Amino acid sequence: MLIDLHTHSRRSDGTDSPTELVENAARAGLDVVALTDHDAMTGWDEAQVAADRVGITLVKGLEISCRYGHRGVHLLGYEPDPTDAALLSELERVLRGRQDRLPKTLARLNDLGIAITEADVLAVSGEAAATGRPHVADALVVAGVVASRDEAFERFLMPGRPAYVDRYAADLEHMIRLVVAAGGRAVLAHPWTRQSRKVLTAEVIGELAEVGLVGLEVDHNDHDADTRAALRAIASDLDLVITGSSDYHGTGKVGYDLGVNTTAPDQAARLLRDRVDLLR
Ligand code: AMP
Ligand code: ZN
Ligand code: FE
Ligand code: FE
C-alpha cells in the first residue's frame with residue numbers, strides 16, 4: 001500500500017487543481033494521498049469527489065505556517081474538524097498576514113525597477129486561499145524576469161534577499177493545541193530543513209510531544225540520509241509516528257514527485273487511529 005501524506009494543490013501554491021492532484025496520485029500508483037495545502041482546507045471537498053471517482057483514499061490535512069524560536073516551522077494537521085472556530089480564526093490570521101504582505105513585496109520589487117502589479121500576481125494565484133511568495137515568483141517567470149520559481153526565491157524572495165518581507169505565523173505550541181482540540185493529529189513537517197534544524201532539538205521535540213505532537217515527517221526530500229537516521233532515532237525514543245511524503249507542488253517544485261517518499265502502512269494506521277477506516 002503506497003501512502004503519501006503531504007501534497008499541495010492550487011488552493012495554496014501547487015499547480016494542480018485538487019481534482020488533477022488526486023488523478024495524478026492515482027496515476028502514480030498511490031493508494032492513499034493527503035491533501036495538505038498551506039493554511040487552508042478549501043480543497044478538501046473537490047478532492048474528495050475526485051478520490052471517490054478514481055478509487056483512491058483521501059486524507060484531509062493542511063500544512064500550517066508556524067513560528068518557534070523566531071524560526072519558520074511547518075506543522076502538518078490531519079483530519080481536524082474543518083468547522084472548528086478557534087482553528088479557523090488562527091488560520092485566517094496566517095492567511096491575512098500572507099495576503100497583507102503582497103503590496104510590500106511588490107513595492108520592494110518596484111524599487112528594483114521590476115514593474116509587477118497585484119493584478120499580475122492575482123492572475124497566477126487564482127484559486128489560492130492567499131497569495132504567497134511562490135505566486136509572486138510565478139508572476140516574475142511570466143514577466144520574463146526570471147526563468148523559474150527557484151531563481152525568483154534565490155534572487156529576490158528568500159530571507160536576506162531584497163524583496164523578502166516577513167509575515168505573521170502561528171505560535172507552534174499554540175497551533176499544536178488548536179489542531180488537537182479540533183480532533184486532528186499534529187505532525188512536524190520536514191523538521192530539519194535549514195530554517196528549523198537549529199531550534200527543533202530532540203529536547204524541544206520531546207516538549208512538543210507533551211503538548212500533543214504525535215509524529216515527525218522523517219522521509220522528505222529536504223532531509224539527507226544522516227538527517228533521516230537521526231530523526232528516526234528521536235521518533236523511536238519518543239514513540240512518535242514516522243511519516244514520509246513527497247511535498248508535491250505539481251510543476252512548482254522539481255523532483256518532489258508524488259510517491260517519491262511514502263509512509264509505512266503501520267505508521268499511517270497509528271497516525272489515523274479512529275480514522276483507520278481510511279486505510280482499508
Ligand atoms: P510564503 O508562505 O508566501 O512565505 O511562501 C512560502 C512557500 O514558498 C513555502 O511553503 C514553499 O512552498 C515556497 N518556497 C519557500 N522557499 C522556496 C525556495 N527557495 N524555492 C521555491 N519555493 C520556495
Ligand atoms: Zn508550498
Ligand atoms: Fe513546508
Ligand atoms: Fe509543503
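Residues numbered from 1 in each chain as written. Chains lettered and ligands numbered in written order. Predicted model: local features only at pLDDT ≥ 70, side-chain atom pairs only at ≥ 80, totals over all residues. Heavy atoms only, no water.

## A look at the site of ligand 1
Convention followed: Near residues are defined by distance, with any heavy atom within 4 Å of the molecule or strand qualifying the residue. Nitrogen and oxygen atoms within 3.5 Å of one another constitute a polar contact, given that in protein one can donate a hydrogen and the other can accept it, and given that sequence-neighbouring residues count only through two side-chain atoms. Note on areas: these come from Shrake-Rupley sampling with a 1.4 Å probe, and a residue is covered only by the protein chains present in the view. Two kinds of site are reported from a 1 Å grid over the protein atoms alone, namely cavities, where a 1.4 Å probe fits but cannot get out, and pockets, open sets with protein on both sides within 12 Å along at least five of seven lines, and residues are called lining when an atom falls within 4 Å of a point. Pocket or cavity membership: a molecule qualifies when more than half of its atoms sit within 2 Å of the grid points of that site. Secondary structure elements follow DSSP: runs of H or I of four or more residues count as helices, runs of E of two or more count as strands, with numbering from the N terminus. In this count, Pro and Cys sit with the nonpolar residues alongside Ala, Val, Leu, Ile, Met, Phe, Trp and Tyr, while Asp, Glu, Lys and Arg are called charged and the others, Gly among them, polar.
Inspection of the region around ligand 1 gives Asp-13, His-38, His-74, Arg-98, Arg-101, Gly-132, Arg-133, Pro-134, Asp-150, Phe-153, Arg-167 and His-249 as its neighbouring residues. Between Asp-150 and ligand 1, the recorded distance is 3.1 Å, taken from a side-chain N or O atom to a nitrogen atom. When ligand 1 sits alone it has 510 Å² of accessible area, and the protein chains cover 80% of it. Placement of ligand 1 is best described as lying within the largest pocket. For the shell around ligand 1, the elements supplying multiple residues, two or more each, are α3 (85–111), α5 (133–142) and α6 (149–157). Counted by class, the shell around ligand 1 contains two nonpolar, four polar and six charged residues.

## Focus: the side chain of Ser-125
For clarity, the threshold we go by: Buried, partly exposed and exposed residues are distinguished by accessible area as a fraction of the type maximum, computed with a 1.4 Å probe on protein chains only: under 20%, between the cut-offs, and over 50%, respectively. Contacts between residues were defined by any pair of non-hydrogen atoms, one from each residue, lying within 4.5 Å.
If you trace the backbone, Ser-125 turns up in helix α4 (residues 118–125). Judged by relative accessible area, which is 5%, Ser-125 ranks as buried. A distance of 3.2 Å separates the side chain of Ser-125 from the side chain of Thr-131, its partner in a polar contact. Those residues in contact with Ser-125, other than ones at most four positions away along the chain, are Arg-10, Thr-131 and His-135.

## Regarding the coordination of the zinc ion (ligand 2)
The condition that has to hold: Coordination partners: N, O, S within 2.8 Å of the metal, 3.2 Å for Na, K and Ca; water not considered, so apparent gaps in a site are possible.
Here the zinc ion (ligand 2) is held by Asp-13 (OD), Asp-13 (OD), His-38 (NE2) and His-249 (NE2), and the distances to it run 1.9 to 2.6 Å. A spacing of 5.8 Å is found between the zinc ion (ligand 2) and the iron ion (ligand 3). Separated by 236 residues along the polypeptide, Asp-13 in the loop between β1 (3–4) and α1 (18–27) and His-249 in the loop between β8 (241–244) and α11 (265–272) bring together distant segments of the chain. An identical accessibility class is assigned to Asp-13 and His-249; each is buried.

## Structural notes on empty space enclosed by the protein
Going by this rule: Grid points are joined across faces, edges and corners, and a volume is the space filled by probe spheres set on the points.
Enumeration over the complete set of coordinates arrives at one cavity of 30 Å³ or more. In this model, the largest cavity occupies a volume close to 30 Å³. In terms of lining residues, the largest cavity is bounded by Arg-98, Arg-101, Leu-102, Thr-105, Thr-131, Gly-132, Arg-133 and Val-136. Looking at the lining of the largest cavity, the elements with two or more residues in it are α3 and α5. Among the elements that line the lining of the largest cavity, the one with the most residues is α3, at four residues. Along the lines of polarity and charge, the residues of the lining of the largest cavity split into two nonpolar, three polar and three charged.

## What about the layout of surface pockets?
Here is the rule we go by: What counts as a domain boundary in this text is fixed by an automatic or database domain assignment.
Here the largest pocket defines a volume of roughly 1,600 Å³. Looking at the lining of the largest pocket, the elements with two or more residues in it are β3 (57–68), β4 (71–78), α3, α5, α6 and α8 (194–197). Across the lining of the largest pocket, the residue classes break down as 17 nonpolar, 16 polar and 17 charged. Built from parts of two domains, the lining of the largest pocket gets at least three residues from each of domain 1 (3–91 + 168–279) and domain 2 (102–157).

## Digging into the coordination of the iron ion (ligand 4)
Cut-off, in case you're wondering: Here a site with four donors is tetrahedral if all angles are between 85 and 135 degrees, and a site with four or six donors is square planar or octahedral if opposite donors are over 155 degrees apart and the other angles are between 65 and 115; anything else gets the irregular label.
The iron ion (ligand 4) binds to the protein through His-6 (NE2), His-8 (NE2), Glu-63 (OE) and Asp-247 (OD), with metal-donor distances spanning 2.1 to 2.2 Å. Of note is the iron ion (ligand 4), whose four donor atoms meet at the metal with angles of 77 to 162 degrees in an arrangement that counts as irregular. Sequence positions of the residues that donate to the iron ion (ligand 4) give the spacing H-x1-H-x54-E-x183-D. Between the iron ion (ligand 4) and the zinc ion (ligand 2), the interatomic distance is 4.5 Å. With His-6 in the loop between β1 and α1 and Asp-247 in the loop between β8 and α11, this pair connects stretches of sequence that are 241 residues apart. Both residues of the pair, His-6 and Asp-247, belong to the buried class.

## Comments concerning the domain arrangement of the chain
Inclusion rule: Two parts placed together each lose some accessible area under a 1.4 Å probe, and adding up what both lose gives the buried area. Salt bridge, as applied in this entry: a Lys or Arg side-chain nitrogen positioned within 4 Å of an Asp or Glu carboxyl oxygen.
Per the domain assignment, the segments making up the chain are domain 1 (3–91 + 168–279) and domain 2 (102–157). Placing the centre of domain 1 and that of domain 2 at their C-alpha centroids yields a distance of 26 Å. Across the boundary between the two partners, domain 1 contributes nine residues, which contact seven residues of domain 2. Among the residues of domain 1 in contact with domain 2, Arg-10, Arg-11 and Asp-13 are the three that bury the most area, contributing 58% of the side total. Remark: the boundary between domain 1 and domain 2 carries two salt bridges. Scanning the region where domain 1 abuts domain 2 turns up six residue pairs in polar contact (both at pLDDT 80 or more). For the side of domain 1 that touches domain 2, a count of residues per class yields two nonpolar, four polar and three charged.

## Some remarks on α1
To be explicit about the condition: Read the arc as the range of directions from the helix axis to the C-beta atoms.
All of the buried residues along α1 are Pro-18, Leu-21, Val-22 and Ala-25. Buried residues of α1, viewed axially, fall in a sector of 95 degrees; they line one side. Buried residues belonging to α1 abut β2 (32–38) and α2 (44–54). Directly beyond the C-terminal end of α1, a positive phi value near 90 degrees is found at Gly-29.

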